Every structure is written in structure tokens, then in C-alpha cells.
Amino acid sequence: MVKATFLGHACVLVETEQHAVVIDPFLTGNPKAATKPEDLRVSAVIVTHGHGDHLGDAVDIARRNNCPIIGVFELATYCQQKGAPQVHPLHIGGSYSFPFGRVKLVPAWHGSAFIEQDGTIVYTGNPAGVLLFMDGKTIYHAGDTGLFGDMQLIGQRHPIDLAFLPIGGNFTMDIDDAVEATKLLSPKVVVPMHYGTFPVIEADPQEFAAKVQQVCPSVTVRILAPGESLTL
Ligand code: NI
Ligand code: MN
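Below is a summary of the structure that appears in this document.

So, how was this worked out
Residues numbered from 1 in each chain as written. Chains lettered and ligands numbered in written order. Predicted model: local features only at pLDDT ≥ 70, side-chain atom pairs only at ≥ 80, totals over all residues. Heavy atoms only, no water. Donors = N, O, S within 2.8 Å, 3.2 Å for Na, K, Ca; no water. Helix = DSSP H or I, 4+ residues; strand = E, 2+ residues; numbered from the N terminus. Buried < 20%, exposed > 50% of the residue type's maximum accessible area, 1.4 Å probe, protein only. Pairing = 2+ DSSP bridges. Tetrahedral: all angles 85-135°; square planar, octahedral: opposite > 155°, others 65-115°.

Focus: the coordination of the manganese ion (ligand 2)
Okay, so step 1: The coordination sphere of the manganese ion (ligand 2), as far as protein atoms go, consists of Asp 53 (OD), His 54 (NE2), Asp 144 (OD) and His 194 (NE2), spread over 2.1 to 2.2 Å.
Okay, so step 2: Read in sequence order, the donor residues coordinating the manganese ion (ligand 2) give the pattern D-H-x89-D-x49-H.
Okay, so step 3: The metal-metal distance between the manganese ion (ligand 2) and the nickel ion (ligand 1) comes to 3.3 Å, with Asp 144 coordinating both. Linking His 54 in helix H1 (residues 52-55) with His 194 in the loop between strand S14 (189-193) and helix H6 (205-215), this pair joins segments that are 140 residues apart in sequence.
Okay, so step 4: A relative accessible area of 0% places His 54 in the buried class.
Okay, so step 5: Assessed through its relative accessible area of 1%, His 194 is described here as buried.

So, the pairing of strand S3 (residues 20-23)
Okay, so step 1: In S3, alternate side chains face the same way, and those of Ala 20 and Val 22 on one face and Val 21 and Ile 23 on the other are all buried.
Okay, so step 2: By the bridge criterion, 4 bridges tie strand S2 (residues 11-15) to S3 in an arrangement that is antiparallel. Bridged to Val 12 within S3 is Ile 23.
Okay, so step 3: Adjacent in sequence and paired antiparallel, S2 and S3 are bridged by 4 residues.
Okay, so step 4: In this sheet, strand S4 (residues 44-46) lies alongside S3 in parallel orientation, the contact comprising 3 bridges. When the bridges of S4 are listed, Val 22 appears paired with Val 45.

Description of the coordination of the nickel ion (ligand 1)
Okay, so step 1: The nickel ion (ligand 1) binds to the protein through His 49 (NE2), His 51 (ND1), His 110 (NE2) and Asp 144 (OD), with metal-donor distances spanning 2.1 to 2.2 Å.
Okay, so step 2: What the 4 donor atoms of the nickel ion (ligand 1) show is an angle range of 89 to 174° at the metal, which sorts the shape as irregular.
Okay, so step 3: Relative accessible area serves as the criterion here: at 23%, His 51 is assigned to the partly exposed category.

It is worth stressing that arrangement in space is one thing and function is another; only the former is reported here.
In C-alpha cells:
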């Protein structure tokens, strides 16, 4: 059994009987955060890209749990320099089997840099989407991305049980593009994310759900409030 909990914005906790993995743990400073970094017990932290609303508390959580941060090479190296106890660099198209399951990075159309407090911009490599294979289930976390046609290839290569897709627009896909992404990916279940955290990414998840039901009735939409879970 796999349990996925939406922790607000783009943060997702995926748990099995044995393990827990958190993706994009932006909790400190996140008005929608459903937990605190110190309350997470995880085997790994996966980060899709270096923007603050995704990298978030990754290094702090990795230190508390003495676990690796997984991400593209440049981002993993950045995390190592910032004090992560372990990192595992991957890159787009690459995958690796960890004790908790397998992680594969796939493309995302976005940017990726960390802005230091003094304004210095540190390049953190390509942004990525994440495929997470745990307990026989396939979970896709799109990271921040615009719509792209190869989402169809991702869904064909790795039939998706659960997809987390951004719907908030401005920095990522909006509702209509996320509906099209759902069509291309053809997951069993889709959960909208990356909306409502800030005024500029306000979006109505009910509108997304209604449109997905029209365009792809075979896909189940689950709207998760921060802190809510679903099981696969
Ligand atoms: Ni971003
Ligand atoms: Mn973001």
C-alpha cells in the first residue's frame, strides 16, 4: 500500500509500510504548509528544482533524518555545499533504485536557480519532474512545468497510478494546460497542486476537476487539502 499526503503547495509525502519520502519540502514560510520540517521522518528528500518554494527545508530535513537529497547533479551538489549529509545526484532520463524504491527524473520546462539572501543567483541545473516507483505503484510529480507533448511518452513508458500536476498558472501550467497534460499522461488519479499559495497563482481546483471529467472521464481527480492523504 502506498499513501500519498499533500503537505501544501508542491510538497508531497509518499509512504509505504517501511519507508517515507518527501518531495519538494517547502514548509517554512509556506502559508499552506500542513506540517513542520522537524515532524517529518523520511528515508529521502527528492527535490525537483532549485527554486525556494521547492528546495525549501530540504537540507534541514535531510540533516534531521541523516538521509540523502536526490535531485539533478547541480542541485545535489548545491545541497551538499549547504550541509546535506548525503546527496544522490541523478539527471534527466536517469533512474536509480534506492532501498525505498526507484526514482527517475524526467524533463520539466521551467527554470532552476537558487537566489541567495544577498541576491546572488546560483544555477542549480535543469528543472525536473519525478517518477517515483514504490511498492508496485508509479507516482509522477511534475515539479514546476509548462505543458509539453512528451508527457504522453512519460505516461506510455511508465503507466501512472497517481500524478501531481501544477494548475496555478503564471509560473507553470494553468488549469486548461493541466487538463491537456492529464489527457497526455493518462494517470489513474490526478491531484492538482501549486495553486492558491500566493495571489498570483490563484486557481479553482473544482474547475480543474470539472474540466478533467469532461475531457478524460476515465481519470479520477482528487482534490487534497493540505494535510489530506489518499492511498493507492
Ligand atoms: Ni519553480
Ligand atoms: Mn514553484
